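Working through the structure, step by step
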Amino acid sequence: MTGRSHLLLGGFAVLCAMRWHVLTPDPFSFCTGLLGSLLPDIDTERSILGSRVRFLSRFLARTLGHRGLTHSAVILLAMAVVVNAVGGEIALRGPAGACLLGAATHIAADLPTGGCQVLAPLSRSRLSFWPYARTGGLGEIMLLLPALLLLGWGGMRGLNGLVCHPASVMHHTRLQGHALKDISFSS
């Protein structure tokens, strides 16, 4: 996918995670989520991020190849474990977690556009999903629009629309005061 598509998907995913209270809703976390959505393509100098650090992207392209180790879900999972071990669950709910989520959306979005080495360094096999779409073509747009609509719908619905709660369980808050002592409102 193109850099703009990765930014859109990563941004929508981070906003949904903030809406669902998986990530803390702050502007810095959103920005790191956008950075994370571009980060795996640092291994090519033709990307948005790689064109700004050409010396690093050329080195990574020569040593790792495009869509290799930087597109690995194994490495992403290992980074999440390290962040959790160092900073705890709170760190995963902040900017570091947003960056990891952005990178995860990048890897998932590249699967139908040529695939990537998801299991690197354990395996050099490239995994790709059908339907195959050419990067920057009509197929990418046809994959991007439903994904954005689904994320937008999920973000608007929030977790209440996704998680089923028993209808019989209701939480009440009693008002404190002499006149409204016996009135309760559902929360």
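Scoring rules and cut-offs
- Residues numbered from 1 in each chain as written.
- Predicted model: local features only at pLDDT ≥ 70, side-chain atom pairs only at ≥ 80, totals over all residues.
- Heavy atoms only, no water.
- Helix = DSSP H or I, 4+ residues; strand = E, 2+ residues; numbered from the N terminus.
- Polar contact = N/O pair within 3.5 Å; in protein donor to acceptor, adjacent residues only side chain to side chain.
- Buried < 20%, exposed > 50% of the residue type's maximum accessible area, 1.4 Å probe, protein only.
- Core = buried A, V, L, I, M, F, W, Y, C linked by side-chain atoms within 4.5 Å.
- Contact = heavy atoms within 4.5 Å.

Per an unreviewed UniProt entry, the protein goes by Membrane-bound metal-dependent hydrolase and derives from Gluconobacter morbifer G707.

Looking at the secondary structure, you find R67 in the loop between α3 (54–63) and α4 (73–92). Reaching out from R67, the side chain makes a polar contact with the backbone oxygen of G115 at a distance of 3.2 Å.

Let's shift gears to the side chain of H6. Relative to the elements of secondary structure, H6 occurs in helix α1 (residues 3–19). Accessibility expressed as a relative area gives 1% for H6, which makes it buried.

In this structure, L76, A80, L100, A103, I107, L111, C116 and V118 together form the largest nonpolar core, which totals eight residues. Listing elements by their share of this core, those giving two or more residues are α4 and α5 (95–110). Tallying contributions element by element places α5 first for this core, with three residues. Discounting residues that sit within four places of it in the chain, L100 has contacts with L76, M79, A80, V83 and L92.

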